[in-house]
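Analysis of the macromolecular model
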Amino acid sequence: MSLQCGIVGLPNVGKSTLFNCISSGKAQSANFPFCTIEPNIGSTIVPDERLQVLEKLVKPHKVIPATVEIVDIAGLVKGASKGEGLGNQFLANIRETDAIIHVIRCFEDPNVIHVDGSVNPVRDKEIIDTELQIKDLETVENRISKAHKQAQTGGDKNAKRLYDILLKYKGALEQGRSARTVKIDNAEDRKLAKELFLLTDKPVLYVCNVDEKSANEGNELVERVKEAIKGEDAQLLIVAAKIESEIAELESFEERQMFLNEIGLEESGVSRVIRAAYSLLNLETYFTAGVPEVRAWTIHKGTKAPQAAAVIHTDFEKGFIRAEVIKYEDYVKYRSEAACREAGKLGVEGKEYVVQDGDIMHFRFNV
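Residues numbered from 1 in each chain as written. Predicted model: local features only at pLDDT ≥ 70, side-chain atom pairs only at ≥ 80, totals over all residues. Heavy atoms only, no water.

Another aspect to go through is the overall build of the chain. Per the secondary structure count, the chain includes 14 helices and 12 strands. For the chain, whose C-alpha radius of gyration is 23 Å, the value lies close to the compact-globule estimate of 21 Å for 367 residues. Contacts in the chain between residues far apart in sequence, at least 24 positions, make up 68% of those at least 6 positions apart. Summed over its atoms, the accessible surface of the chain is roughly 18,400 Å², and 49% of this surface lies on carbon and sulfur atoms. (Helix = DSSP H or I, 4+ residues; strand = E, 2+ residues; numbered from the N terminus. Rg over C-alpha atoms; globule rule 2.2 N^0.38 Å. Contact = heavy atoms within 4.5 Å. Areas by Shrake-Rupley, 256 points an atom, 1.4 Å probe, with all protein chains shown as cover.)

Below, the structure is given as structure tokens:
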């Protein structure tokens, strides 16, 4: 499942530093704009304590975690929608991603230059928002005329619906609001809307990059961002990317945990960002557990059993008979599949079963 989160932001806000921390890819990180020219793609493990618990219970030969792809995209500057900086390239790269991790600089450091000369996180956020909104408005206006003509001729049954959706987006964008703020509840309308591939319709996670002393509770700059994103239905995380990069270089888990404890954190900001990215992509995990391997499988929320089985192999969906399901909590309580079966905690589910996050599953199929 090749869904991707793109890391975006102005130059020199800490995007590549964060990317290096959370990804197996290695983006160059230096103190000048446009350090990252091509989008760097890295696949990173999704932290999940449940895998460690299952490993202790099952004692498998190997453990395979879930992963998520992160893309580090070149920094955007004011005027990108008109081709400034790496404008068109930046916009094309972000269009290809499924969700956005927007890194905002919330620290003062005279040794790290700011592309606009001063640290102002709300201004920085608005620059990114405006450039993406301008491009989306251009997309919407280009589609409105065609949709209107098709609606009038009646040749396309969806044209009127699309035209109405486009008008809603146009109104929001002209008011300086992102497309994601437009509420579209109808499932068919939502499908039409997604086919527009609007940049500001993508789900977003704001990451405030702070200094070490602000890593735990944030600072006044973070509070400004929190106020600015009210009503956006977006999550915000606080991360000290420079400190995270130092933690990432430590070899043992014990050393990393000791470092975190010293600065008052229970877990790294990187772990929180990765899990948030996974959720942002509307993903969740089910497990298969046996002596050969314990494995986390990635599915979309709301996936039914046959489609979940297809993630393992398409034949599992074609010949699907049933799914045997044990809830994670029951597996931990009874400590084995056999004990869960004996206690009546193994459910037999059919084609309409919606897989839940943490389900431990075994599929019966016939091809």
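Before going further, it helps to spend a moment on the sheet that holds strand E5 (residues 99–105). Taken in spatial order, the 6 strands of this open sheet run E2-E4-E1-E5-E6-E7, and their pairing is mixed. Edge strands, defined here as strands with exactly one partner in the open sheet, are strand E2 (40–45) and strand E7 (235–239). Strand-to-strand, the axes of this sheet are offset by a mean angle of 25 degrees, without reference to chain direction. Sheet analysis places strand E1 (residues 4–8) next to E5, joined by 4 bridges and oriented parallel. (Pairing = 2+ DSSP bridges. Axes fitted to C-alpha atoms, helices over the stretch in contact; angles between N-to-C directions.)

Okay, the pattern of salt bridges next. In this structure the tally under the stated criterion is 25 salt bridges. Close ionic contact of Arg-50 with Asp-48 constitutes a salt bridge, the shortest N to O distance being 2.8 Å. A relative accessible area of 17% means that Asp-48 is categorised as buried. One salt bridge in this structure joins Arg-190 and Asp-201, with 3.0 Å as the shortest N-O distance. With Arg-190 in helix H6 (residues 187–194) and Asp-201 in the loop between H6 and strand E6 (204–209), this residue pair connects regions lying 11 residues apart in the sequence. Given a relative accessible area of 24%, Arg-190 falls into the partly exposed group. In this structure Asp-201 comes out as buried when scored by relative accessible area, which is 13%. (Salt bridge = Lys/Arg side-chain N within 4 Å of Asp/Glu carboxyl O. Buried < 20%, exposed > 50% of the residue type's maximum accessible area, 1.4 Å probe, protein only.)

Using the criterion set out here, one finds 3 aromatic pairs in the structure. Arranged with centres 5.9 Å apart and planes meeting at 85 degrees, the rings of Tyr-286 and Phe-363 form a pair that is edge-to-face. Taken together, the residues span a long stretch of sequence, with Tyr-286 in strand E8 (residues 283–289) and Phe-363 in strand E12 (residues 360–365) at a distance of 77 residues. With a relative accessible area of 7%, Phe-363 lands in the buried category. The structure contains a cluster of three or more aromatic residues connected by ring pairs, namely Tyr-286, Phe-320 and Phe-363. Positioned over the ring face of Trp-297 is Arg-295, at 4.1 Å from the centre of the ring. (Phe/Tyr/Trp six-rings, centres within 6.5 Å; stacked < 30°, edge-to-face > 60°. Lys NZ or Arg CZ within 6 Å of the ring centre and 35° of its normal.)

Let's shift gears to the environment of Lys-230. Take Lys-230: it is sitting in the loop between helix H7 (220–228) and E7. Reaching out from Lys-230, the side chain makes a polar contact with the side chain of Glu-227 at a distance of 3.1 Å. (Polar contact = N/O pair within 3.5 Å; in protein donor to acceptor, adjacent residues only side chain to side chain.)

Once that is clear, we can look at the packing of helix H4 (residues 121–153) against H7. Relative orientation of the contacting elements H4 and H7 amounts to 40 degrees, with a least axis distance of 8 Å. If you check the angle between H4 and H7, you find them oblique. Residue-level contacts link Pro-121, Val-122 and Lys-125 of H4 to Leu-221, Arg-224, Val-225 and Ala-228 of H7. Residue classes in the contact of H4 with H7 are distributed as 5 nonpolar, no polar and 2 charged. (Parallel < 35°, antiparallel > 145°, perpendicular 65-115°, else oblique. Nonpolar A, V, L, I, M, F, W, Y, C, P; charged D, E, K, R; others polar.)

Okay, the packing of helix H5 (residues 159–174) against H6 next. Contact geometry of H5 with H6 gives a least axis separation of 10 Å together with a crossing angle of 65 degrees. Taken together, the axes of H5 and H6 are roughly perpendicular relative to one another. When the axes of H5 and H6 are compared, the crossing they make is right-handed. In this structure, H5 uses Arg-161, Leu-162, Ile-165 and Tyr-169 to contact H6, whose residues at the interface are Glu-188, Asp-189, Arg-190, Leu-192 and Ala-193. When grouped by side-chain class, the residues that make up the contact of H5 with H6 number 5 nonpolar, no polar and 4 charged. (Left-handed = near helix turned anticlockwise from the far one by under 90°.)

A few words on the pairing of strand E10 (residues 320–326). Of all 7 residues making up E10, 5 are buried, and the element is well covered by its neighbours. In the sheet, E10 pairs with E12 via 6 bridges, with the strands oriented antiparallel. Considered in E12, the bridge of Val-325 is made with Met-361. With 4 bridges connecting them, E10 and strand E11 (residues 346–349) associate as antiparallel partners. Bridging from a neighbouring strand, Val-325 pairs with Gly-347 of E11.

By themselves, these observations are geometric and do not establish any function.
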